Amino acid sequence: MEIKQAEFIKSAVTPTQYPEDDKIEIAFVGRSNVGKSSLINNLTNRKKLVKVSSTPGKTRLINFFLINNSFYFVDLPGYGYAKVSKQEKSSWSKTIESYLLNRPQLKKIILLVDCRRKPTEDDIVMYNWIRHYGYDSTVVATKVDKLNRSELMMSKKIIKETLSMNEGEELIFYSTLKKRGKEELLEDIFNSLGKTGI
Ligand code: GTP
Ligand code: MG
């Protein structure tokens, strides 16, 4: 399970701007600042493939990265960032929605939640939506280096309960700083791809 190649292909807002081939796509969704871009850098062993910023709300476009020349990672704009105008919020959610609703290539959705926070209403809506449409999904709890062992146990319980996760539904604890969760998530991703014959 290895990512040997990762290349930024393009940014998009509307469906006409998405890549035109029909390679499988794996999308990363979650609140602004939860760590989506950092996670993609970490998975691909690249420090600067995706821009990471201490200013939340950095990613406003959909970014497509070609992985191993065979499938895409898709970095979606983060939702739920309080300090943007209503107008901007609605344009972001339109960008996210039109991708999620109009993309037959989309195979798997990875939902990121911050291990230090209870998943929000937006996270719950997103997770229910993913399940409703029958996508492969995995929940990743990010920034686990910030909690100790017993806090992590509590966090796991809160995330599972709040998102009403069932037994078989995957929750992976991840830290880009401590390199935790990487092998597990890569294996999970390649398993999903395996089902489609890549
Ligand atoms: P938007 O693009 O605004 O939606 O944010 P994002 O979800 O892409 O988050 P990003 O990757 O930009 O990370 C936000 C902040 O969290 C940055 O300051 C990162 O350095 C930090 N961060 C990300 N992952 C980790 C982690 O595993 N541990 C710690 N301690 N910090 C992290
Ligand atoms: Mg980002």
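Along each chain, numbering runs from 1 in the same order as the chain's sequence is written. Whichever chain is written first becomes A and whichever ligand is written first becomes 1, with later ones labelled in order. Given that the model is predicted, a residue must reach a pLDDT of at least 70 before its local features are reported, and side-chain atom pairs must reach 80 or more before they are shown or counted; all residues, however, enter totals for whole chains, interfaces and linings. To obtain the side-chain values, all non-hydrogen atoms of the structure were used and water was disregarded.

The name an unreviewed UniProt entry gives the protein chain is Probable GTP-binding protein EngB, with Clostridium liquoris as the organism. Entered under Cofactor (unreviewed entry) in the UniProt record, the comment concerning the protein chain runs "Mg(2+)". Quoted verbatim from the Sequence similarities (unreviewed entry) field of UniProt, the annotation for the protein chain is "Belongs to the TRAFAC class TrmE-Era-EngA-EngB-Septin-like GTPase superfamily. EngB GTPase family." UniProt positions are given in the numbering used here, feature names are shortened, and annotations may be inferred rather than shown by experiment.

(A) Inspection of the packing of aromatic side chains at higher detail. What counts as a ring pair is set by centres within 6.5 Å for rings of Phe, Tyr and Trp (its six-membered ring), and what kind of pair is set by the plane angle: stacked under 30 degrees, edge-to-face over 60, tilted for all other angles. All chains considered together, the criterion is met by ten aromatic pairs. Between Phe 8 and Phe 65 the ring centres are 5.6 Å apart and the planes differ by 55 degrees, which places this aromatic pair in the tilted class. With Phe 8 in strand β1 (residues 6-12) and Phe 65 in strand β3 (residues 62-67), this residue pair connects regions lying 57 residues apart in the sequence. Here's how the labels work: a residue is buried when its accessible area is under 20% of the maximum for its type, exposed when over 50%, partly exposed in between, all with a 1.4 Å probe on protein chains only. Phe 65 sits in the buried class, given a relative accessible area of 1%. Note on Phe 71 and Phe 190: the rings are 6.0 Å apart at their centroids and 90 degrees apart in plane angle, and the pair reads as edge-to-face. Here Phe 190 lies in helix α5 (residues 182-194) and Phe 71 lies in strand β4 (residues 71-75), a separation of 119 residues in the sequence. Here the aromatic residues Tyr 18, Phe 64, Tyr 72 and Tyr 99 are joined through ring pairs into a cluster of three or more. Runs of E in the DSSP output that reach at least two residues are strands. Runs of H or I that reach at least four are helices, and both are numbered from the N terminus.

(B) The arrangement of the pairing of strand β7 (residues 170-173) in detail. Strands were regarded as paired on the criterion that DSSP finds at least two bridges between them. Inspection of the sheet shows strand β6 (residues 136-142) paired to β7 by four bridges, in the parallel sense. Looking at the pairing, Val 140 lines up with Ile 172 of β7. Each parallel crossover has a hand, and the one from β6 via helix α4 (residues 149-162) to β7 is right-handed. Crossover handedness is defined here as right-handed if the route from the first strand over the helix to the second strand goes clockwise, with the strands pointing away from the viewer.

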